[in-house]
Amino acid sequence: GLAWLMLGQTSPRLGQFCALLVVASAVAWVLRVNPLANRDGYLLLSHGIGILDLREQAVLSLFGVGRPWSQQMRKLPRKWLALYAILSGAFVLAVLAFSLSQTGSWLGHRFGGIGFVLFAGLIGAYMFRQLTKDRIAAARDTLGWKKKDWKPTQRDKVIAAGVVLL
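Residues numbered from 1 in each chain as written. Predicted model: local features only at pLDDT ≥ 70, side-chain atom pairs only at ≥ 80, totals over all residues. Heavy atoms only, no water.

Novice: Please provide a residue-by-residue account of the overall build of the protein chain, values included.
Specialist: Per the secondary structure count, the protein chain includes 7 helices and 0 strands. Ordering the α and β elements of the protein chain from the N terminus gives α-α-α-α-α-α-α. Relative to its 166 residues, the protein chain shows a buried fraction of 17%. Contacts in the protein chain between residues far apart in sequence, at least 24 positions, make up 32% of those at least 6 positions apart. Accessible area of the protein chain: about 13,200 Å², with a carbon and sulfur share of 69%. (Helix = DSSP H or I, 4+ residues; strand = E, 2+ residues; numbered from the N terminus. Buried < 20%, exposed > 50% of the residue type's maximum accessible area, 1.4 Å probe, protein only. Contact = heavy atoms within 4.5 Å. Areas by Shrake-Rupley, 256 points an atom, 1.4 Å probe, with all protein chains shown as cover.)

Novice: So what's going on with the pattern of salt bridges? Which residues, and what values?
Specialist: Throughout the structure, instances matching the rule amount to 1 salt bridge. Arg32 is paired through a salt bridge with Asp40; the nearest N and O atoms lie 2.9 Å apart. By relative accessible area, Arg32 is classed as partly exposed at 42%. (Salt bridge = Lys/Arg side-chain N within 4 Å of Asp/Glu carboxyl O.)

Novice: Help me get a handle on the packing of helix α3 (residues 40–49) against helix α4 (residues 54–62), residues and values and all.
Specialist: Running from N to C, α3 and α4 point in directions that differ by 80 degrees, and their axes come no closer than 10 Å. The angle between α3 and α4 places the two elements in the roughly perpendicular class. Residue-level inspection shows Tyr42, Leu45, Ser46 and Ile49 of α3 in contact with α4, the latter providing Leu54, Arg55 and Glu56. When the residues that make up the contact of α3 with α4 are grouped by side-chain class, the tally is 4 nonpolar, 1 polar and 2 charged. (Axes fitted to C-alpha atoms, helices over the stretch in contact; angles between N-to-C directions. Parallel < 35°, antiparallel > 145°, perpendicular 65-115°, else oblique. Nonpolar A, V, L, I, M, F, W, Y, C, P; charged D, E, K, R; others polar.)

Novice: So what's going on with the nonpolar core? Which residues, and what values?
Specialist: Within the largest apolar cluster, 11 residues are counted, these being Leu36, Ala37, Tyr42, Ile51, Leu54, Ala58, Leu76, Leu81, Tyr84, Ala85 and Phe91. Among the secondary structure elements, those contributing two or more residues to this core are α4 and α5 (78–111). In terms of residue count, the dominant contributor to this core is α5 (4 residues). When sequence neighbours within four positions are dropped, the list of residues in contact with Leu54 reads Tyr42, Leu45, Ser46, Ile49, Leu76, Leu81 and Tyr84. (Core = buried A, V, L, I, M, F, W, Y, C linked by side-chain atoms within 4.5 Å.)

Novice: Can you lay out the side chain of Arg55 for me, pointing to particular residues and giving the numbers?
Specialist: Structurally, the position occupied by Arg55 is in helix α4. Lacking a salt bridge, the buried Arg55 has Glu56 as its closest oppositely charged neighbour, with an N-O distance of 6.9 Å. A distance of 2.7 Å separates a polar atom in the side chain of Arg55 from the backbone oxygen of Leu36. Excluding residues that lie within four positions of it along the chain, Arg55 makes contacts with Pro35, Leu36, Ala37, Asn38, Tyr42, Tyr84 and Ser88. (Lys, Arg positive; Asp, Glu negative; His and termini not counted. Polar contact = N/O pair within 3.5 Å; in protein donor to acceptor, adjacent residues only side chain to side chain.)

Novice: Give a detailed account of the side chain of Ser88, specifying residues and quantitative values.
Specialist: Relative to the elements of secondary structure, Ser88 occurs in helix α5. What Ser88 contacts, discounting residues up to four positions off in sequence, is Leu36 and Arg55.

Novice: Any details on a nonpolar patch on the surface? Residues and values, ideally.
Specialist: Among the surface-exposed residues, Val59, Leu62, Phe63, Val65 and Ile86 lie close enough to one another that they form a single nonpolar patch of about 480 Å² accessible area. Of note, Ile86 is situated in helix α5. A relative accessible area of 51% means that Ile86 is categorised as exposed. (Patch = residues over 30% accessible without salt bridge, like charges linked within 9 Å, V, L, I, M, F, W, Y side chains within 5 Å.)

Novice: Please set out helix α7 (residues 154–165) residue by residue, giving values where relevant.
Specialist: Taking 1.5 Å of rise per residue, 12 residues should cover 16 Å, and α7 covers 17 Å from first to last C-alpha, within 8% of that figure. Within α7, only 0 of the 12 residues are buried, which leaves the element largely exposed. (Expected span 1.5 Å × (residues − 1).)

What follows is the structure, encoded as structure tokens:
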């Protein structure tokens, strides 16, 4: 946006690019400060109310399970934790659905079936990376839980093969 203002008269493509860059920055900022996404907004909210593992407590509250450890700075009612877990899950699903509908359809239209396969592979790689980050962090500090390695069962393999064939 600044380049557009400094250069005065520019080509329409540069103006479009700068406007797109400003919109992308605004969307990235909104996603970053949103407390439902696992970014800065979540950290600000969890530190502000004194619950450092807010998302974990919220997900456990959906299943009626309390924290397995006793050090807790503040205790929220289960209904508020469940509401946060539902809103957080709905937000993640909405972002995933939006990105699949917009980006996936564009790639499918532009590059055919291979574009969608590449997009699905990128999302799978990103999700794998996120899960392995948590797994490495959990290996460092298990908080009394016994660590079990996950191995795919025959059912998991059949489901994965069905997803790939779709």
